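Below are the chains, spelled out letter by letter.
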Amino acid sequence: EAGVAQSPRYKIIEKRQSVAFWCNPISGHATLYWYQQILGQGPKLLIQFQNNGVVDDSQLPKDRFSAERLKGVDSTLKIQPAKLEDSAVYLCASSLIGGGTDTQYFGPGTRLTVL
Amino acid sequence: AQSVSQHNHHVILSEAASLELGCNYSYGGTVNLFWYVQYPGQHLQLLLKYFSGDPLVKGIKGFEAEFIKSKFSFNLRKPSVQWSDTAEYFCAVNPGGNNDMRFGAGTRLTVKP
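Residues numbered from 1 in each chain as written. Chains lettered and ligands numbered in written order. Predicted model: local features only at pLDDT ≥ 70, side-chain atom pairs only at ≥ 80, totals over all residues. Heavy atoms only, no water.

(A) Expanded view of the environment of B:Val11. Residues and elements named next belong to chain B. Examined against the element boundaries, Val-11 turns out to sit in strand E2 (residues 10-14). Judged by relative accessible area, Val-11 falls into the buried class, the value being 14%. For Val-11 and Glu-88, which are 77 residues apart along the polypeptide, the C-alpha to C-alpha distance reads 9.9 Å. In contact with Val-11, not counting residues within four places along its chain, are Leu-21, Thr-107, Arg-108, Leu-109 and Thr-110. (Helix = DSSP H or I, 4+ residues; strand = E, 2+ residues; numbered from the N terminus. Buried < 20%, exposed > 50% of the residue type's maximum accessible area, 1.4 Å probe, protein only. Contact = heavy atoms within 4.5 Å.)

(B) Region of the structure containing the packing of aromatic side chains. Tallied over the full model, the rule gives 13 aromatic pairs over all chains. With a centroid separation of 5.6 Å and 70° between ring planes, the pair formed by B:Tyr25 and B:Phe72 is classed as edge-to-face. Of the two residues, B:Tyr25 is situated in strand E4 (residues 24-25) and B:Phe72 in the loop between strand E8 (64-68) and strand E9 (73-78); the sequence distance between them amounts to 47 residues. One aromatic cluster is present, formed by A:Tyr33, A:Tyr35, A:Phe106, B:Phe34, B:Tyr36, B:Phe90 and B:Phe103 through successive ring pairs. (Phe/Tyr/Trp six-rings, centres within 6.5 Å; stacked < 30°, edge-to-face > 60°.)

(C) Fine view of the nonpolar core. Judged by nonpolar contacts, the single largest core of 29 residues is most densely connected at B:Leu33, B:Trp35, B:Leu47, B:Leu48, B:Phe74, B:Leu76 and B:Tyr89. Counting only elements with at least two residues in this core, the list comes to E2, strand E3 (19-21), strand E5 (31-38), strand E6 (45-50), E8, E9, strand E10 (87-95) and strand E12 (107-112) of chain B. Among all residues touching B:Phe74, those that are not within four sequence positions of it are B:Cys23, B:Leu33, B:Phe34, B:Trp35, B:Leu48, B:Tyr50, B:Ala65, B:Glu66 and B:Phe67. Listed in part, the 21 residues of the second largest apolar core include A:Ile13, A:Trp34, A:Leu77 and A:Ile79. (Core = buried A, V, L, I, M, F, W, Y, C linked by side-chain atoms within 4.5 Å.)

(D) Expanded view of the sheet that holds strand E8 (residues 75-79) of chain A. Residues and elements named next belong to chain A. Reading across the sheet, the four strands line up as E1-E3-E8-E7 and stay open at both edges, with antiparallel pairing between neighbours. At either margin of the open sheet sits one strand with a lone partner, and together these are strand E1 (5-7) and strand E7 (65-68). Across the sheet, the mean angle separating the axes of adjacent strands is 15° when strand polarity is ignored. As defined by bridge partners, E1 adjoins strand E3 (residues 19-24) across three bridges and the pair is classed as antiparallel. Counterpart to Ala-5 in the pairing with E3 is Asn-24. (Pairing = 2+ DSSP bridges. Axes fitted to C-alpha atoms, helices over the stretch in contact; angles between N-to-C directions.)

Structure below.
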């Protein structure tokens with residue numbers, strides 16, 4: 001079974017530029033998550049999709065971050081404009097149903113460096 | 001503020017030593033508890049999880065964890081570590097079953113051969 005795919009793996013940009021990350025979840029998984037992991041910290045949930053609807057985006061900085069999940073499959077996360085403090089690894093995860101006991105499967109992440 | 005605390009940032013052990021990594025959380029009510037592991041160069045993967053039943057949960061690769069409700073703890077244990085257990089370990093809590101997973105800061109384990 002193919003895992004969660006993410007691209008790019010690494011991205012370096014200057015502050016105030018924009019950037020986009022792509023995620024392809026495990027086939028058949030209804031729920032998709034984006035996490036931000038700053039160095040030395042655990043992942044922090046940014047947004048959760050159930051199919052193509054947003055379930056939780058309470059921790060997404062909506063003034064600069066946006067995400068969409070077209071057709072309930074692939075998803076993109078965008079930052080515009082980027083700030084220095086956005087330097088982090090952005091993780092995508094998916095789960096089959098999205099219930100509280102459901103296992104989340106993580107992708108390899110995109111490491112973003114903002115200069 | 002509600003949180004997940006992992007007491008040790010970095011643990012160094014020799015092979016065959018016993019391991020216990022602490023995890024405490026501050027959420028009340030029903031919680032679902034997870035341990036994830038990230039081996040060097042690999043992505044996060046599930047080690048074990050608890051949501052009901054026997055509070056002693058067994059996971060992959062000989063790991064186990066014990067849920068102690070009165071102590072708000074979910075400590076990870078392994079009787080005898082191997083060099084291949086070198087990784088970062090994350091405790092995660094899903095409070096209220098809404099799948100809003102909250103992660104601890106992680107504990108880096110180094111096992112010396």
